[in-house]
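Here are the chains, one letter per residue:
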Amino acid sequence: MSLSLLGVNHKSAPIDVRERLAIAPDQLADAIRSLVQHPGVHEGLILSTCNRVELLTEHESASDVRAFLSDYFSVPQSTLAPHLYEFREDEAVRHLFRVASSLDSLVVGEPQILGQVKESYSVAREVGAVSSTLERLLQSAFTVAKKVRTETEIGSSSVSIASVAADLAKQIFGSLKGKQILLVGAGKMSELAARHLIAQGATGILVANRTPERAQKLAEQFHGLAVPFADLQQHAPKADIIVTGTGSHKHLFNVRDAQEILHKRRGRPVFFIDIAVPRDVEPAVNGVDGAFVYSVDDLQQVAAENLTARSEEAAAAERIVSDEVSRYQQRLQILDAVPGILALQQHAEQLRLAELDRARAKLAGLSAEQQEAVEAMTRSMMNKFLHAPMTGLRKSANDGDAVAVDIIRRMFSRDR
């Protein structure tokens, strides 16, 4: 069996490639089911966010997970190949630990990614795609992420994509005091964006969502107003800042829409923060005079400024990850020794019982108390005899001496 992690992220692929691989939350379960039905794949998980799509699998060495990625999303392998990265075994473990710890994020230290990994894990468990190997690995990843948060300051004054967007809005307008906001989509990222924009001085929240109940609930949090999704274009000119996060598979705002919005605003500029993948705003809108469009990739520049301040904490977090990767591999090596230890114990116990059985007639005259003493003595002798080889076996496993572990396992295997 092989462990591998295959994917694209904000560093390896532009948004026009990533959006072709995006998976809507209500489609994630089906995608994971399809992954584990791919020939040779035994366990699998898919992590799909605005910045990455990654496939974590335990599979037979001959299994072609790249083919699954291409076939499922109907994207030619030649298109994906320049942007794909693949990690195997220890490096796959390291990458997962870094992702969960927010060391591979667009904004290092942002807290949302751990929740997204946990959500993917939950869906994968529900569809039966995660069992022993990935269960153990993912639980370790969650532990490492918590340790990074606890032992470093990487998450202090946490900066999410939403807060970076708010900083960018402030750079555009100079001040957000009194600015009106339209949230298109009522997801977690939209909520976070609203909180950061309000903290910067923005007022007057409008919320449009395909599910009216969710729009109403989010609007109430900010003493705003829920508006019908069907009337989106009617309400858009009221907003200085439009935050879109629906992940619709067609653009909600195109060039003509933007021109109409600016006409109704009498030339006052409008700022689109498009945090959706696929994008909600047609990229060409950025060419409309008075319209400013920023996608998740455009947030990279602001995020880079925050990275410098966090570099020291990030270095400490990287050391934690490296140590935990080593510990994880040691635990796996010790687990590899368990069958050999059990086989050794079972073999010795069979010999002990066989010898007692042969001597049973000679021991028949002993009292029950004396027979118990003989039983205890033979078990004690067996345990003392096993102590040295079992200690050596555990040490060999801990040292990564697979040859010694395999020799012991074969020596005492029932199938030898």
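The preceding data block contains the structure.
The text that follows walks through the structure, step by step, so that each part is easy to find.

Calculation rules
- Residues numbered from 1 in each chain as written.
- Predicted model: local features only at pLDDT ≥ 70, side-chain atom pairs only at ≥ 80, totals over all residues.
- Heavy atoms only, no water.
- Helix = DSSP H or I, 4+ residues; strand = E, 2+ residues; numbered from the N terminus.
- Buried < 20%, exposed > 50% of the residue type's maximum accessible area, 1.4 Å probe, protein only.
- Contact = heavy atoms within 4.5 Å.
- Pairing = 2+ DSSP bridges.
- Axes fitted to C-alpha atoms, helices over the stretch in contact; angles between N-to-C directions.
- 1 Å grid on protein atoms, 1.4 Å probe; cavity = no way out; pocket = protein on both sides within 12 Å on 5 of 7 lines; lining within 4 Å.
- Points joined across faces, edges and corners; volume = space filled by probe spheres on them.
- Nonpolar A, V, L, I, M, F, W, Y, C, P; charged D, E, K, R; others polar.
- Parallel < 35°, antiparallel > 145°, perpendicular 65-115°, else oblique.
- Left-handed = near helix turned anticlockwise from the far one by under 90°.
- Salt bridge = Lys/Arg side-chain N within 4 Å of Asp/Glu carboxyl O.
- Domains from an automatic or database assignment.
- Polar contact = N/O pair within 3.5 Å; in protein donor to acceptor, adjacent residues only side chain to side chain.
- Phe/Tyr/Trp six-rings, centres within 6.5 Å; stacked < 30°, edge-to-face > 60°.
- Lys NZ or Arg CZ within 6 Å of the ring centre and 35° of its normal.
- Core = buried A, V, L, I, M, F, W, Y, C linked by side-chain atoms within 4.5 Å.

## Digging into the overall build of the protein
- When you go through the protein residue by residue, the secondary structure sums to 16 helices and 10 strands.
- Counting across all 416 residues of the protein, residues that qualify as buried make up 47%.
- Counting contacts in the protein only where the partners sit at least 6 residues apart, residues at least 24 apart contribute 72% of the total.

## Description of the sheet that holds strand E4 (residues 85-88)
- Across the sheet, four strands lie side by side as E2-E3-E1-E4; this open sheet has antiparallel pairing. Two strands bound the open sheet, and with one partner strand each, they are strand E2 (41-48) and E4. Averaged over all neighbouring strand pairs, the angle between strand axes comes to 15 degrees, with direction disregarded.
- Note: strand E1 (residues 2-9) against strand E3 (residues 52-59), eight bridges, orientation antiparallel. Note on E3: the bridge partner recorded for Leu 3 is Glu 58.
- Along the sheet face, helix H3 (residues 65-73) touches E1, E2, E3 and E4 and points at about 135 degrees away from the line of E3.

## Description of empty space enclosed by the protein
- This model, assessed by the stated rule, comprises two cavities of 30 Å³ or more.
- Considered as a void within the structure, the largest cavity measures approximately 110 Å³ in volume.
- Ranked by residues supplied to the lining of the largest cavity, first place goes to helix H6 (residues 112-126) with three residues.
- Partitioned by chemical class, the residues of the lining of the largest cavity number five nonpolar, five polar and two charged.
- Its volume calculated, the second largest cavity comes out at about 50 Å³.

## A look at the packing of helix H2 (residues 28-37) against H6
- Running from N to C, H2 and H6 point in directions that differ by 60 degrees, and their axes come no closer than 9 Å. What the angle tells us is that H2 and H6 run oblique. Handedness of the crossing formed by H2 with H6: right-handed. In contact with Leu 28, Ala 29 and Ile 32 of H2, H6 contributes Ser 120, Val 123 and Ala 124.
- For the contact of H2 with H6, the class distribution of residues is five nonpolar, one polar and no charged.

## Focus on the sheet that holds strand E10 (residues 291-295)
- In spatial order, the strands read E7-E6-E5-E8-E9-E10; together these six strands make up an open sheet with parallel pairing. A single partner strand is all that each edge strand has here, and the edge strands are strand E7 (225-228) and E10. Taken over all neighbouring pairs, the strand axes of this sheet differ in orientation by 20 degrees on average, direction set aside.
- Bridge count for strand E6 (residues 205-209) against E7 is four bridges, and the pairing is parallel.

## Some thoughts on the pattern of salt bridges
- This model, assessed by the stated rule, comprises 22 salt bridges.
- A salt bridge links Asp 104 to Arg 98; the shortest N-O distance between them is 3.5 Å.
- Given the relative accessible area of 3%, Asp 104 is considered buried.
- The salt bridge involving Lys 264 is made with Glu 260; its shortest N-O contact spans 4.0 Å. Taken together, the positions of Lys 264 and Glu 260, both in helix H12 (residues 255-264) and four residues apart, correspond to about one turn of that helix.
- According to the relative accessible area criterion, Lys 264 is partly exposed, its value standing at 47%.
- Overall, the relative accessible area of 40% leaves Glu 260 in the partly exposed class.

## Quick word on the layout of surface pockets
- One number sums up the size of the largest pocket: a volume of about 1,200 Å³.
- Along the walls of the largest pocket sit 37 residues, with Ala 24, Pro 25, Gly 187, Gly 245 and Thr 246 positioned nearest its centre.
- Where the lining of the largest pocket is concerned, the elements lending two or more residues are E2, H6 and helix H9 (188-199).
- If you tally residues by element for the lining of the largest pocket, the top one is H6, at six residues.
- Considering only residue class, the lining of the largest pocket consists of 16 nonpolar, 16 polar and five charged.
- Both of domain 1 (2-151) and domain 2 (161-306) provide at least three residues apiece to the lining of the largest pocket.

## What to know about the side chain of Thr 49
- Here Thr 49 is to be found in the loop between E2 and E3.
- Here Asn 51 takes part through its backbone nitrogen, which lies 3.1 Å from a polar atom of the side chain of Thr 49.
- Not counting residues up to four positions away in its chain, the partners in contact with Thr 49 are Ile 113 and Gln 116.

## Some points on the packing of aromatic side chains
- If you walk through the whole model with that rule in mind, you get eight aromatic pairs.
- Taking 5.4 Å as the distance between ring centres and 70 degrees as the angle between the ring planes, the aromatic pair formed by Tyr 121 and Phe 142 counts as edge-to-face. Taken as a pair, Tyr 121 in helix H6 and Phe 142 in helix H7 (residues 132-151) lie far apart in primary sequence, 21 residues in all.
- Looking at Tyr 121, the relative accessible area reads 9%, which means it is buried.
- Here Phe 142 falls in the buried class, since its relative accessible area comes to 10%.
- Ring pairing ties together the aromatic residues Phe 68, Tyr 72 and Phe 73, which thus form one cluster.
- It is Lys 118 that lies over the ring of Phe 142; its NZ or CZ is 5.6 Å from the centre.

## As for the nonpolar core
- If you look at the biggest cluster of nonpolar residues, it comprises 58 residues, and the most contacted ones within it are Ile 46, Leu 55, Leu 56, Phe 97, Leu 137 and Leu 138.
- For this core, the element with the highest residue contribution is H7, accounting for eight residues.
- Among the nonpolar cores identified, the runner-up in size contains 36 residues, and Leu 168, Ile 181, Leu 183 and Leu 192 belong to it.

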